[in-house]
Amino acid sequence: MAMPADTNAAGDIFGGWVLSQMDLAGGIAAGQRAEGRVVTIAVDKMKFIRPVHVGDVLCIYSSVGRIGRSSMEILLEAWALRHRYGTREKVTQAMFTMVAVDEDGRPRPVPNRGETAD
């Protein structure tokens with residue numbers, strides 16, 4: 001839930017807070033697919049569509065896209081549930097690139113589940 005401490009001078013929620021929540025969600029999706037630790041290496045096509053307001057619940061949906069040897073593209077959409085109980089409205093979308101890493105932080109292969117690697 002977006003809280004007053006997360007606002008900018010205009011009273012809207014900071015874009016950085018939204019980005020942070022999306023990074024957490026993307027890391028969860030990528031970590032599940034990679035079956036281990038992942039790191040964010042890029043955020044592309046970040047589009048802020050509508051503001052997020054105090055009291056909105058941010059719902060983030062992910063979809064694993066292209067899978068390379070060690071990297072994955074994760075499409076993320078953030079939707080605001082207005083005032084905790086109201087209508088849902090798409091507020092942000094982005095493409096995150098995550099890389100599977102080993103215990104030393106070096107890239108490692110994403111386990112093959114029958115998909116074709118690029």
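Quick notes on the rules
- Residues numbered from 1 in each chain as written.
- Predicted model: local features only at pLDDT ≥ 70, side-chain atom pairs only at ≥ 80, totals over all residues.
- Heavy atoms only, no water.
- Helix = DSSP H or I, 4+ residues; strand = E, 2+ residues; numbered from the N terminus.
- Buried < 20%, exposed > 50% of the residue type's maximum accessible area, 1.4 Å probe, protein only.
- Contact = heavy atoms within 4.5 Å.
- Expected span 1.5 Å × (residues − 1).
- Pairing = 2+ DSSP bridges.
- Lys, Arg positive; Asp, Glu negative; His and termini not counted.
- Salt bridge = Lys/Arg side-chain N within 4 Å of Asp/Glu carboxyl O.
- Polar contact = N/O pair within 3.5 Å; in protein donor to acceptor, adjacent residues only side chain to side chain.
- Core = buried A, V, L, I, M, F, W, Y, C linked by side-chain atoms within 4.5 Å.

In the Ramachandran plot, glutamate 35 falls in the positive-phi region, its phi being about 55° despite a non-glycine side chain. Inspection of the secondary structure puts glutamate 35 in the loop between α1 (15-34) and β1 (38-48). Although it is not a glycine, histidine 83 adopts a positive phi angle of roughly 55°. Within the secondary structure layout, histidine 83 lies in the loop between β3 (71-81) and β4 (88-100).

Once that is clear, we can look at the environment of valine 101. Looking at the element boundaries, valine 101 is found in the segment after β4. The class of valine 101 is buried, set by a relative accessible area of 4%. Residues valine 101 and alanine 34, spaced 67 residues apart in sequence, show a C-alpha to C-alpha distance of 9.0 Å. Setting aside its immediate chain neighbours within four residues, valine 101 contacts Arg37, Val38, Val39, Arg106, Pro107 and Arg108.

Turning our eyes to something else, we now look at α1. With 20 residues, α1 should cover 28 Å at 1.5 Å per step; its first-to-last C-alpha distance of 28 Å lies within 8% of that length. Among all positions in α1, only Trp17, Val18, Met22, Ala25, Gly26, Ala29, Ala30, Gly31, Arg33 and Ala34 are buried. Contacts from the buried residues of α1 go to β1, β2 (57-67), β3 and β4. At the C-terminal side of α1, glutamate 35 shows a positive phi close to 55°.

To continue, consider the pairing of β3. Sheet topology places β2 next to β3; nine bridges connect them, and they run antiparallel. Along β3, the bridge assignment pairs cysteine 59 with tryptophan 79. Taken together, β2 and the strand that follows it, β3, pair antiparallel across an intervening segment of three residues. From the end of β3 to the start of β4, which pair antiparallel, there are six residues, and histidine 83 there has a positive phi angle of about 55°.

With respect to the element layout, arginine 108 can be found in the segment after β4. With no salt bridge to any partner, buried arginine 108 finds its closest opposite charge in glutamate 103, at an N-O distance of 6.5 Å. Of note is the side chain of arginine 108, whose polar atom sits 3.1 Å from the backbone oxygen of valine 101. Setting aside residues no more than four positions away along its own chain, arginine 108 makes contact with Ala34, Glu35, Gly36, Arg37, Arg69, Ser70, Ala100, Val101 and Asp102.

So, on to the nonpolar core. Met72 and Ile74 are the most contacted members of the largest nonpolar core, which totals 24 residues. Of all the elements in the fold, those that place two or more residues in this core are α1, β2, β3 and β4. At seven residues, α1 tops the list of elements feeding residues into this core. The residues touching isoleucine 74, leaving out its near neighbours within four places in the chain, are Gly26, Ala29, Ala30, Ser62, Ser63, Val64, Ala94, Met95, Phe96 and Met98.

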